[in-house]
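The primary structure of each chain is shown beneath.
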Amino acid sequence: MNYLLKSIVLFALLIGFTGCSSIPTVEPGVSLELAEFRKAHISDITYELYFNIPENQNESISASSTINFTLNESGFDVQLDFRESPDMLQSMSINGNETDIRFEKEHLILPADLLQEGQNTVDIQFTAGESSLNRNPEYLYTLFVPDRARTAFPLFDQPDLKATYDLTLEISKNWAAISNSPLNYEHESDSTKTLNFAPSDLISSYLFSFVAGDFDKVTQTVDGVEMTMLHRESDQEKAERNIDDVFRLHKASLDWLEEYTGIDYPFQKFDFALIPTFQYGGMEHVGAIQYRASSLFLDEDPSDSQLLSRASLIAHETAHMWFGDLVTMEWFNDVWTKEVFANFMAAKIMNPNFPDIDHDLNFVLRHHPSAYSVDRTDGANPIRQDLQNLNEAGQMYGAIIYNKAPIMMHQLELLVGEEVFKEGLREYLNTYSFDNATWPDLISILDQKTEQDLASWSEVWVNTPGRPHFFLVSSIEKSQVVQVDADGLNRVWPQQFSIIEQAEGEFRTHEVLSVESETEISLSEPQFPRFNTDGYGYGLFPTALKNLNAWERLGDVSKGSELINLYENMLAQKEVVPDQYLNKLIELIQQEENQLLIGQILGQIRTIYWDLLTEDERNNVTPQLEGILWDLMNEQENPSKKKTFFNAFRNVALSSTEVEKVYDIWQGEIEIEGLNLSESDYISMAGDLAIKMPGRSQDIIATQLENIENSDRKRRFEFISPALSNRQMVRDEFFRSLENEENRQTESWVLSALGYLHHPLRVQQSEKYILPSLMLLQEIQVTGDIFFPKRWLDVILSNYSSDKAVQTVRDFLNERPDYNDQLRMKILQAADGMFRANRIKG
């Protein structure tokens, strides 16, 4: 067929194709337009994948893929997503026909003249991209959320094109591996072995995963359910101390979710891997969950908060098997739906496992402070955001979807009733099993079961940012709770919460249903009520330091809520002054017994001490605070409380005598009875001491490095050591090294190092790093994982308050009016503490 005739035929095909006007253009990423087009025309997708992974991480990974899919009509090119160099693509055939590689703007183009209506098969030989394979000297793991599968192999990388994956790995004979489905067969040769896994269940591309490397493999059967765990912990006592609890907590989560949802565990198997360098807490890969090892393998004498965090993380990732994996969001603008359900369910799952814990208090402390940390800022974002391209999907993540959304969901459950809510979720899961859904799909189901106008309710809570401000307006005739939209948009966040008044020596509780801007309430003595004492409400509530009087008579939830209210009012500069509030907190820490409240009080003390006091104010309070924390540490009989107060003491210790105490404990010259310290504790102490004792820093670093036995922890400390150096030139060189993407690959190490680089005692020397760090942000958003850009900003900006630092951030944004909106919001969120500290210090 000559070129002219071929062109005429192709033109005729395009004219005959009903959707020709909506054929998407080729552009980087995965646009919403492309995703919608492919969803309308492509189905029945299967991938057969082969990866040959050398033990030497410097050798490339040869790979092949066979992709089968159905087209409901032909006559147009099809785009496969591959965000790597076209040089990595060796050959391709389509329906048995060899064809040249055509690569454009992160897409491998399948030409229309080789495709057909119905079944199509594409065979590709390639070298795997490694930016999301997380290769380490002795292991690797994939992390493809939200759109990173396309950095490893060509595919249709969008959540609503679910597929099955048939995976074959060729790995070192000494390595272990897990994937989404059970092992089908294993063949060994002299130095390698080939593992083939059964075809997976129908899953989204970001959930496809495998882990391979030099891991210890532990398999347990708990009440008839077999689970396998991979880990690399060299401290056998630590591993044995944690293993049974880790398996037990997973099984308890599975049991609870099966009962609540009415759906048996929906996938073929349930395994998990504990990874030392994992970027965040966990990732819900179907049947092969990945965790940061330190989140599950706890040191001796963990606090209540650490035990709850571990249980919550396990419950969260297990809940994702139903909420996110079985039913997946249609597009990543609704990524928050899977996260809110996982967090909301996790809070419920933990209750029976910790009968002695006040779970309402735990919910308040875990969710409200983090959500407020964003909603109080100029960069606040709504729960549900607009998303035009998956290459920005990582910016959908953050405190709002993880912490504000569960508060919203709790209010929704209160509004419709617990049983109706549960019934609606069961219908949602059954309707969309192994499929995709949107937030409006759930609202539509719940709307049929209640008389409430959920669409209007959702519009404010879900689709707009910010929080209401509450006031109490009283006269002789009446008292009113007034809800004010601080942004002047006249919004009302319908919500329920309680108020306690102290009248005639008694506490009286009033339930408030705030659905309008003004809500009348009957108070006997309206001068000093305590707002949101049940922790259900959300907003900036009025308070005063005198509300801490009669502390011992308050319930634990009321105490936690009052601490949060006072802290937020302090940051808003509403009557609560940092040094006065700090003095009250120092009083409270000597009275309180609840570990969760102790943790909250100590956290606020640390923030005020380092960020909101002037240097003179900090120096004045240091001797008193050091002495109180040291005494409290020695008084504790509970070893976890003892460790909590020791960590607080060493954090604030600045006096030479008190820093010397920490040094002597680190060296082993002082032993505190009942204080059990792990290798990780000694590493952390060494980091603090290297900064607080600069004259001895090199010896401290060298000694600690020699003392580390675990190879993963040793590699981490080697990486962060330049950031601990007392030599400015070494620290400058380390910071410049982060401009190279390869040096940012182990993100948790980078963040630890930056924390030392920007330590409060070094802000004058490190302020110069702010501007170049901001200039790197767009590259970090492209190359880093989902939480890295915001965490990069947090650790860089959080300890500064000078006029110069504030102006650097302001100028950076002002000089870039067309800067990426999502990243602008992240900068404003991260810089909020800096801006407020600058105003507070005057």
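Along each chain, numbering runs from 1 in the same order as the chain's sequence is written. Confidence filtering applies because this is a predicted model: local features only for residues at pLDDT of at least 70, side-chain atom pairs given and counted only at 80 or more, and all residues used for totals across whole chains, interfaces and linings. With hydrogens and water stripped out, all remaining heavy atoms of the structure feed into the side-chain values.

Draft legend 1. Representation of the overall build of the protein chain. A run of H or I in DSSP counts as a helix once it spans at least four residues, and a run of E counts as a strand once it spans at least two, with each numbered from the N terminus. The helix and strand tally for the protein chain stands at 28 helices and 27 strands. Relative to a compact globule of 842 residues, whose C-alpha radius of gyration would be 28 Å, the protein chain shows 28 Å and is just as compact. Reported as C-alpha extents along the three principal axes, the dimensions of the protein chain are approximately 95 × 70 × 60 Å. The buried label goes to any residue with under 20% of its type's maximum accessible area, the exposed label to any with over 50%, and the partly exposed label to all in between, with areas taken from a 1.4 Å probe on protein chains only. The buried share of the protein chain, taken over its 842 residues, is 59%. Partitioning the intrachain contacts of the protein chain with sequence separation of at least 6 by distance along the chain shows that 71% fall at a separation of at least 24. Of the roughly 32700 Å² of accessible surface on the protein chain, a fraction of 45% belongs to carbon and sulfur atoms. Within this scheme the basic residues Lys and Arg register as positive and the acidic residues Asp and Glu register as negative, but His and the chain ends are omitted. Here the site of a charge means NZ on Lys, CZ on Arg, CG on Asp, or CD on Glu. Taken together, the 69 basic and 132 acidic charged side chains of the protein chain have centroids lying 5 Å from each other. To get the radius of gyration, use the C-alpha atoms; to get the globule rule, take the number of residues to the power 0.38 and multiply by 2.2 Å. Contacts were defined at the residue level, with two residues in contact if any of their heavy atoms lie within 4.5 Å. All accessible-area figures derive from a Shrake-Rupley calculation using a 1.4 Å probe, and residue coverage is judged against the displayed protein chains alone.

Draft legend 2. Summary view of a nonpolar patch on the surface. Residues enter patches when they are more than 30% accessible in relative terms and free of salt bridges; like-charged ones are connected within 9 Å and nonpolar ones (Val, Leu, Ile, Met, Phe, Trp, Tyr) within 5 Å. Here, a salt bridge means any Lys or Arg side-chain nitrogen found within 4 Å of an Asp or Glu carboxyl oxygen. Residues F471, V473 and V484 make up a contiguous nonpolar surface patch of about 220 Å² in total accessible area. Residue position: V484 is located in strand 23 (residues 479–485). Overall, V484 belongs to the partly exposed group, its relative accessible area being 32%.

Draft legend 3. Summary view of the pattern of salt bridges. Scanning all chains against the criterion turns up 44 salt bridges. Between D681 and K643 there is a salt bridge, and its shortest N-O distance comes to 2.6 Å. With D681 in helix 18 (residues 679–692) and K643 in helix 16 (residues 639–652), the pair connects residues that are 38 residues apart, well separated along the chain. For the pair D681 and K643, a shared accessibility class is recorded, and that class is buried. Several salt bridges converge on common partners, so that one network encompasses R376, R467, E568, D832 and R836.

Draft legend 4. Inspection of the environment of A503 at higher detail. Turning to its location among the elements, A503 is positioned in strand 24 (residues 495–503). The buried category is assigned to A503, whose relative accessible area is 1%. For the pair A503 and P529, spaced 26 residues apart in the sequence, the C-alpha separation amounts to 9.4 Å.

Draft legend 5. Inspection of the packing of helix 6 (residues 335–350) against helix 8 (residues 399–416) at higher detail. Between helix 6 and helix 8, the least distance of the axes is 8 Å, while the angle of their chain directions is 70°. On the basis of their axis angle, the class for helix 6 and helix 8 is roughly perpendicular. With respect to the hand of their crossing, helix 6 and helix 8 are arranged in right-handed fashion. Counted together, V335, W336, E339, V340, F341, N343, F344 and K348 of helix 6 and I401, Y402, N403, A405, P406, M408, M409, H410 and E413 of helix 8 form the full contact between these two elements. Throughout, the ten residues Ala, Val, Leu, Ile, Met, Phe, Trp, Tyr, Cys and Pro are labelled nonpolar, Asp, Glu, Lys and Arg are labelled charged, and all others, Gly among them, are labelled polar. Residue composition of the contact of helix 6 with helix 8, by class: 11 nonpolar, 3 polar and 3 charged. Whenever a helix is involved, its axis is fitted only over the stretch in contact; in every case the axis is a line through C-alpha atoms, and angles between N-to-C directions fall within 0 to 180 degrees. Angle categories: roughly parallel below 35 degrees, roughly antiparallel above 145, roughly perpendicular from 65 to 115, and oblique for all the rest. For any helix crossing, the convention is left-handed if the near helix is rotated counterclockwise from the far helix by under a right angle, and right-handed if that rotation is clockwise.

Draft legend 6. Representation of the packing of helix 9 (residues 418–431) against helix 10 (residues 439–447) in the model. Between helix 9 and helix 10, the least distance of the axes is 9 Å, while the angle of their chain directions is 130°. Taken together, the axes of helix 9 and helix 10 lie oblique to each other. When the axes of helix 9 and helix 10 are compared, the crossing they make is right-handed. Residues V420, F421, G424, L425, E427 and Y428 of helix 9 touch helix 10, and the partners they reach there are L442, I445 and L446.

Draft legend 7. The sheet that holds strand 17 (residues 271–275), seen in detail. Here 5 strands make up an open sheet; going across it, the order is 15-16-17-19-18 and the pairing mixed. The open sheet has two edge strands, strand 15 (216–222) and strand 18 (282–283), and neither has a second partner. Along the sheet face, helix 3 (residues 236–261) touches strand 15, strand 16 (225–231), strand 17 and strand 19 (288–292) and points at about 140° away from the line of strand 16. If DSSP finds at least two bridges between two strands, the strands pair.

Draft legend 8. Spotlight on helix 20 (residues 711–724). Spanning 14 residues, helix 20 covers 20 Å between terminal C-alpha atoms, matching the ideal 20 Å at 1.5 Å per step. Each residue is assigned a bend, namely the angle between axes fitted to the seven residues that terminate at it and the seven residues that start at it. Helix geometry: helix 20 is bent most strongly at E718, by close to 30°, with proline P722 lying one to four residues after it. Taken as a whole, helix 20 has its buried residues at D712, R713, F717, I720, S721, A723 and L724. Buried residues in helix 20 make contact with strand 9 (139–141), helix 3, helix 18, helix 19 (697–707), helix 21 (728–737) and helix 22 (747–757). Put simply, N710 is the residue that caps the front of helix 20, since its side-chain oxygen is 3.0 Å from the backbone nitrogen of D712. Take the residue count of a helix, subtract one, and multiply by 1.5 Å to get its expected span. A 3.5 Å cut-off defines polar contacts: any pair of N or O atoms within that distance qualifies, except that in protein one atom must be a possible hydrogen donor and the other a possible acceptor, and neighbouring residues in sequence count only when both atoms are side-chain atoms.

Draft legend 9. Representation of the layout of surface pockets. The computed volume of the second largest pocket comes to approximately 830 Å³. At the level of secondary structure, the elements contributing two or more residues to the lining of the second largest pocket comprise helix 20, helix 21 and helix 22. The dominant element in the lining of the second largest pocket, judged by the number of residues it contributes, is helix 20, at 4 residues. Class assignment for the residues of the lining of the second largest pocket results in 8 nonpolar, 13 polar and 12 charged. In this analysis the probe radius is 1.4 Å and the grid spacing 1 Å, with only protein atoms considered; a cavity is a set of points the probe fits into but cannot get out of, a pocket is an open set with protein on both sides within 12 Å along at least five of seven lines, and lining residues have an atom within 4 Å of a point. Grid points are joined across faces, edges and corners, and a volume is the space filled by probe spheres set on the points.

Draft legend 10. Local environment of the side chain of E170. Relative to the helices and strands, E170 resides in strand 10 (residues 163–172). Buried E170, no salt bridge; nearest opposite-charge side chain is K193, N-O distance 12 Å. Polar contacts involving the side chain of E170 include one to the side chain of Y50, which spans 2.6 Å.

Draft legend 11. View of the pairing of strand 25 (residues 506–514). The pairing of strand 24 with strand 25 spans 9 bridges and is classified as antiparallel. Bridging from a neighbouring strand, F497 pairs with V512 of strand 25. The turn joining strand 24 and strand 25, which pair antiparallel and follow one another in sequence, is formed by 2 residues; a positive phi near 55° is taken by E504.

Draft legend 12. Representation of the environment of N97. Relative to the elements of secondary structure, N97 occurs in strand 5 (residues 97–99). For the pair N97 and T121, spaced 24 residues apart in the sequence, the C-alpha separation amounts to 9.9 Å. Sequence-distant contacts of N97, that is, excluding residues within four places in its chain, are made with M92 and L114.

Taken by themselves, the reported measurements are silent on function.
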